[in-house]
Amino acid sequence: MSTIVAIVGRPNVGKSTLFNRLIKRREAIVDSVSGVTRDRNYGKSEWNGKEFSVIDTGGYIKGSDDIFEAEIRKQVELAIDEADVIMFVVDVEEGITPMDDEVAKLLRKITKPVIVVVNKVDNAMREKDAYEFYNLGLGEFITISSTSGSGTGELLDELINVFPNRPEPTQEEIELPRFAVVGRPNAGKSSFINALIGVDRYIVTDIAGTTRDSIDTKYNRFGFEFNLVDTAGIRRKAKVKEDLEFYSVMRSVRAIEHADVCILMIDATRGFEGQDQSIFWLAAKNRKGIIILVNKWDLVEKETMSTRDYEVKIRKELEPFTDVTILFVSALTKQRLLKALEETVKVFENRRQRIPTSKFNDYMLKLIEAYPPPALKGKYVKIKYCMQLPTPTPQFVFFANLPQYVKEAYKRFLENKIREHWDFSGVPIDIYIREK
């Protein structure tokens, strides 16, 4: 379970530049994952072996100056609520503005670690100007320049220092699969959970989760046993009407990082919207198993082929990751809920499956011989050996003489062939090409 860091501050102080810098470090190491660009405001980063998630509260503010204050306030409050550590970014060129004071006022009330980041400090003169920010009453600050990257090392060292200590999960907690129900507000997540648990509450225990307000419900009925991660987003609806997108993604981050499989609920009456996509890619980027439930199916006017049309439409939006189970359910009439559980457990099994190296080579190498990677500049790429990596999620490595010549399209071809032969539905697969 990684730590969540939120970047707050008024518009135009360089939050997004800092965010991009923190994220880039990771993108450079890990192969670029398709679909990353769909969701700009959330990313994962890593420093000295510690992984953490970064949320950029910038770029959400719409409207004129007078609405600014209220909007910023709401976002900062939400960020404070969800994050473990807060980075408060200010701008040395403009000094302390009334809006900075507003944000500082909110931050002084909380017990979570706050790091004041003075941005745009790219010479010695500006170092001196930064002393003004002691007036914010938030203690020490760190000076950086997010464009050139100076000072970001010290900032990250400090960040790792203030991370909260998390207890290691016990063996029993690791064994049981964890499912999270995610989706935008009002898609029927609570009704779904209540329908599963039954009003008479078959809950064996209520283990308070490691995160505030995320309670794991141990579920044991109909031969299924797993932990249902019930998130803060399901427990209480905050009064955020304006920016639902931000709100629901922020709320889903916790749930998704905590789970093995994400059950994405969609409101059939509204269709598969941008917000659902953001949550879907969030789960895929975190390499979680995914199953999509189209809820409130009983309210939709049916024609023949109606489910098929709907499914085709959703898959079109999901490309290139279309190998996902889509079920049409109704939490109210309890239609197909058990089927949904069966499929979720199946996705969990798919995520854990291991393919013996000999079998994998037998099948894949024959296929690669028949359809080799296209030659580039007269050079032929030869792949002689491949295997599944011993990672918690399915990752495969292919050893080639010229890995740099293998293009994204060919990797996708390999992934599709793996999916055709072995059942990895609902599970993101990573393909790496390495030099042999």
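Cut-offs and rules
- Residue positions are counted from 1 within each chain, in the order its sequence is given.
- It should be noted that, the model being predicted, local features are given only for residues of pLDDT at least 70 and side-chain atom pairs only at 80 or more, the latter also being counted only at that level, while totals for whole chains, interfaces and linings use all residues.
- Just so you know, side-chain values use all the structure's heavy atoms and leave hydrogens and water out.
- Pairing between two strands requires that DSSP report at least two bridges joining them.
- Every helix listed is a DSSP run of H or I at least four residues long, and every strand listed is a run of E at least two residues long, numbered separately from the N terminus.
- Here the axes come from fitting lines to C-alpha atoms, over the contacting stretch only for helices, and the angles between their N-to-C directions go from 0 to 180 degrees.
- The criterion used for residue contact is that any of the two residues' heavy atoms lie within 4.5 Å.
- For every residue, the predictor assigns a confidence score, pLDDT, that lies between 0 and 100.
- Residue exposure (1.4 Å probe, protein chains only): buried if accessible area is under 20% of the type maximum, exposed if over 50%, otherwise partly exposed.
- In this scheme, roughly parallel covers angles under 35 degrees and roughly antiparallel covers those over 145, while 65 to 115 is roughly perpendicular and the rest are oblique.
- Working rule for handedness: look at the near helix, and if it is turned counterclockwise from the far one by less than a right angle, call the crossing left-handed; if clockwise, right-handed.
- Following the grouping adopted for this structure description, the nonpolar residues are Ala, Val, Leu, Ile, Met, Phe, Trp, Tyr, Cys and Pro, the charged ones are Asp, Glu, Lys and Arg, and the polar ones are all others, Gly among them.
- Multiplying one less than the number of residues by 1.5 Å gives the expected span of a helix.

S.K.: Which parts of the structure should I look at to understand the sheet that holds strand E16 (residues 430-435)?
M.R.: Strands pair in a sheet through their backbones, by hydrogen bonds, and they do so in one of two ways: parallel or antiparallel. Pairing is mixed across the open sheet formed by 3 strands, whose spatial order is E14-E15-E16. Edge positions in the sheet fall to strand E14 (383-388) and E16, since each of these pairs with one other strand and no more. For this sheet, the mean angle separating the axes of adjacent strands, direction not counted, is 20°. The pairing of E14 with strand E15 (residues 395-400) spans 5 bridges and is antiparallel. When the bridges of E15 are listed, Gln388 appears paired with Phe396. Where helix H14 (residues 408-421) meets the sheet, its contacts fall on E14, E15 and E16, and the angle it forms with E16 comes to roughly 125°.

S.K.: Would you mind going over the sheet that holds strand E6 (residues 141-143) with me for this structure?
M.R.: Spatial strand order, E2-E3-E1-E4-E5-E6: 6 strands in an open sheet with mixed pairing. Unpaired on one side and paired on the other, strand E2 (42-47) and E6 mark the two borders of the sheet. Taking each pair of neighbouring strands and ignoring which way they run, the sheet shows an average axis angle of 30°. Where strand E1 (residues 3-8) and strand E4 (residues 85-91) come together, 4 bridges link them in parallel fashion. Opposite Val5, over in E4, you have Val85 as the bridge partner. The strands that helix H3 (residues 98-108) touches are E1, E4 and strand E5 (114-119); relative to E4, the one it contacts most, it runs at about 160°.

S.K.: What should I look at first to understand the environment of Ala79 in this one?
M.R.: Examined against the element boundaries, Ala79 turns out to sit in helix H2 (residues 65-82). Sequence separation between Ala79 and Thr57 is 22 residues; the distance between their C-alpha atoms is 7.5 Å.

S.K.: What's the story with the confidence of the model for the protein in this structure? I'm lost.
M.R.: Detailed reading of predicted coordinates is not advised where the pLDDT is low. Looking at the protein as a whole, the pLDDT averages 79, with 79% of positions reaching at least 70. Here strand E8 (residues 206-208) stands out as the least confident element of the protein, with mean pLDDT 36; E5 is the most confident, with 94. Low pLDDT, under 50, characterises residues 59-64; the predicted model gives this stretch 13 contacts beyond four residues in sequence or across chains. Per-residue pLDDT stays below 50 along residues 199-214; that stretch engages in 39 contacts with residues further than four places along the chain or on separate chains.

S.K.: I keep staring at unusual backbone geometry and nothing clicks. Help me out?
M.R.: For the peptide bond that leads from Glu319 to Pro320, omega is 5°, which places it in the cis range. Structurally, Pro320 can be placed in the loop between helix H11 (306-318) and strand E13 (325-328). Backbone geometry at Arg287 places phi at a positive 60°, although glycine is not the residue there. Secondary-structure assignment places Arg287 in the loop between helix H10 (274-285) and strand E12 (289-295). A relative accessible area of 13% means that Arg287 is categorised as buried. Unusually for a residue other than glycine, Lys334 sits at a positive phi of about 60°. On the secondary structure map, Lys334 appears in the loop between E13 and helix H12 (337-352). Classification of Lys334 as exposed rests on a relative accessible area of 51%.

S.K.: Looking at this model, I keep getting lost on the packing of helix H13 (residues 357-370) against H14. Mind explaining?
M.R.: The geometry of H13 relative to H14 is characterised by a closest axis approach of 11 Å and an angle of 135° between their N-to-C directions. Classed by the angle they form, the pair H13 and H14 counts as oblique. The handedness of the crossing between H13 and H14 is right-handed. Contact residues: H13 offers Phe360, Tyr363, Met364, Leu367 and Ile368, while H14 offers Tyr410, Phe413, Leu414, Lys417, Ile418 and His421. Tallied by class, residues from the contact of H13 with H14 come to 9 nonpolar, 1 polar and 1 charged.

S.K.: What's the story with H10 in this structure? I'm lost.
M.R.: An ideal rise of 1.5 Å per residue puts 16 Å on 12 residues; H10 measures up with 16 Å between its terminal C-alpha atoms. Of all 12 residues in H10, 11 are buried, a share of seventy percent or more. Taken together, the buried positions of H10 are occupied by Gln275, Asp276, Gln277, Ser278, Ile279, Phe280, Trp281, Leu282, Ala283, Ala284 and Lys285. Among the residues trailing H10, Arg287 stands out with phi positive, at a value near 60°.

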